Amino acid sequence: ESMQILSVIYSCITMWAVYSMLKELEIKLKFRILPMILMAFYPLNIFLSGSINNDMLVLMFSSLALLYTLKWQNNPSMKNAFLLALWIGLGLMTKTSIVVMVIPAVYVYFKMLTQYIKEDKKVGGLLVQLVVFAAVSGVLGLWFQFRSLLNGLNTIGIIQPYENLSVAHY
């Protein structure tokens, strides 16, 4: 039972991230109640908050990545870009399915880059943030795959089971 404490902590952080997203979207306090109730009592979230696997951790990193995508959109600073890359990179270390969180981040980035170009602002800071984002999320998210490839193991894509573990001949 004590192993479930981590999943409960991940669930609480996810709830905080959703509340912060609603605040970042400037939704009035009285209208934040319904999304928070839905998030708190959604059956899958209740199930995941007590399960002993990494699914709640991935949901937490996904929520934090969305939150910091919104924060970066409102304030394109190096801090927000680094934290966004950190959450996506840590999520990639947990499960590779979080790679879909790169799509909204890249969309918001190129939308902001286009806006800077139209307004004749300097884009050097945004390009540096892109390099930092790629470096941090790439190193955190792909270190295991590169390490395994260097050791002669294939960890990219769907890995076929080892033949010596097969029970087909029994």
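Residues numbered from 1 in each chain as written. Predicted model: local features only at pLDDT ≥ 70, side-chain atom pairs only at ≥ 80, totals over all residues. Heavy atoms only, no water.

**Q** What is the right way to read helix α4 (residues 55–74) from this model?
**A** An α-helical segment advances 3.6 residues per turn. Residues three or four places apart therefore align on the same side. The end-to-end C-alpha distance of α4, which contains 20 residues, comes to 29 Å, matching closely the 28 Å that a straight helix rising 1.5 Å per residue would cover. Most of α4 sits out of view: 14 of its 20 residues are buried. (Helix = DSSP H or I, 4+ residues; strand = E, 2+ residues; numbered from the N terminus. Expected span 1.5 Å × (residues − 1). Buried < 20%, exposed > 50% of the residue type's maximum accessible area, 1.4 Å probe, protein only.)

**Q** I tried to follow the nonpolar core on my own but got confused; where do I start?
**A** When a protein is soluble and globular, its nonpolar side chains tend to lie buried together. Counting 28 residues, the largest nonpolar core has Leu84, Trp87 and Ile88 as the members making the most contacts within it. When residues of this core are traced back to their parent elements, those giving at least two are α1 (5–24), α2 (29–41), α4, α5 (78–94) and α7 (124–150). With nine residues, the single largest contributor to this core is α4. In contact with Leu84, other than residues within four places in its own chain, are Ala65, Tyr68, Thr69, Ala105 and Phe133. Counting eight residues, the second largest nonpolar core, distinct from the first, contains Ala81, Val108, Tyr116 and Leu126. (Core = buried A, V, L, I, M, F, W, Y, C linked by side-chain atoms within 4.5 Å. Contact = heavy atoms within 4.5 Å.)

**Q** It is not clear to me how the packing of aromatic side chains should be interpreted in this structure. Could you clarify?
**A** Aromatic rings considered in pairs are described by the distance between their centres and by the relative angle of their planes. Going through the model one piece at a time under the given rule, you end up with five aromatic pairs. For the ring pair Tyr68 and Trp87, a centre distance of 6.4 Å and an interplane angle of 50 degrees mean the geometry is tilted. Within this pair, whereas Tyr68 is found in helix α4, its partner Trp87 is found in helix α5, the two being separated by 19 residues in sequence. Measuring from ring centre to ring centre gives 5.2 Å for Tyr109 and Phe110, while their planes differ by 80 degrees; the resulting arrangement is edge-to-face. For Phe110, a relative accessible area of 44% gives the class partly exposed. Taken together, Phe61, Tyr68 and Trp87 form an aromatic cluster joined through their ring pairs. Above the plane of the ring of Tyr116 lies Lys121, whose end atom (NZ or CZ) is 5.0 Å from the centre. (Phe/Tyr/Trp six-rings, centres within 6.5 Å; stacked < 30°, edge-to-face > 60°. Lys NZ or Arg CZ within 6 Å of the ring centre and 35° of its normal.)

**Q** Looking at this structure, I do not really get the packing of α1 against α4. What am I missing?
**A** Packed helix pairs are characterised by how far apart their axes lie and by the angle those axes make with each other. It is at 9 Å that the axes of α1 and α4 come closest, and there the two elements cross at 25 degrees. As far as their axial angle goes, α4 and α1 are roughly parallel. Crossing hand, α1 versus α4: left-handed. Of α4, the residues touching α1 (which contributes Ser7, Tyr10, Ser11, Ile13, Thr14, Trp16, Ala17, Ser20, Met21 and Glu24) are Met56, Leu57, Leu59, Met60, Ser63, Leu64, Leu66, Leu67, Leu70, Lys71 and Asn74. A per-class count over the contact of α1 with α4 returns 13 nonpolar, six polar and two charged. (Axes fitted to C-alpha atoms, helices over the stretch in contact; angles between N-to-C directions. Parallel < 35°, antiparallel > 145°, perpendicular 65-115°, else oblique. Left-handed = near helix turned anticlockwise from the far one by under 90°. Nonpolar A, V, L, I, M, F, W, Y, C, P; charged D, E, K, R; others polar.)

**Q** Can you help me understand the packing of α1 against α2 in this one?
**A** Here α1 crosses α2 at 150 degrees, and the two axes come no closer than 10 Å. Our classification of the angle between α1 and α2 gives roughly antiparallel. Like other packed secondary-structure pairs, α1 and α2 cross with a definite hand, here right-handed. Mapping the contact onto sequence places Thr14, Met15, Val18, Tyr19, Leu22 and Lys23 in α1 and Leu29, Arg32, Pro35, Met36, Met39 and Ala40 in α2. Tallied by class, residues from the contact of α1 with α2 come to nine nonpolar, one polar and two charged.

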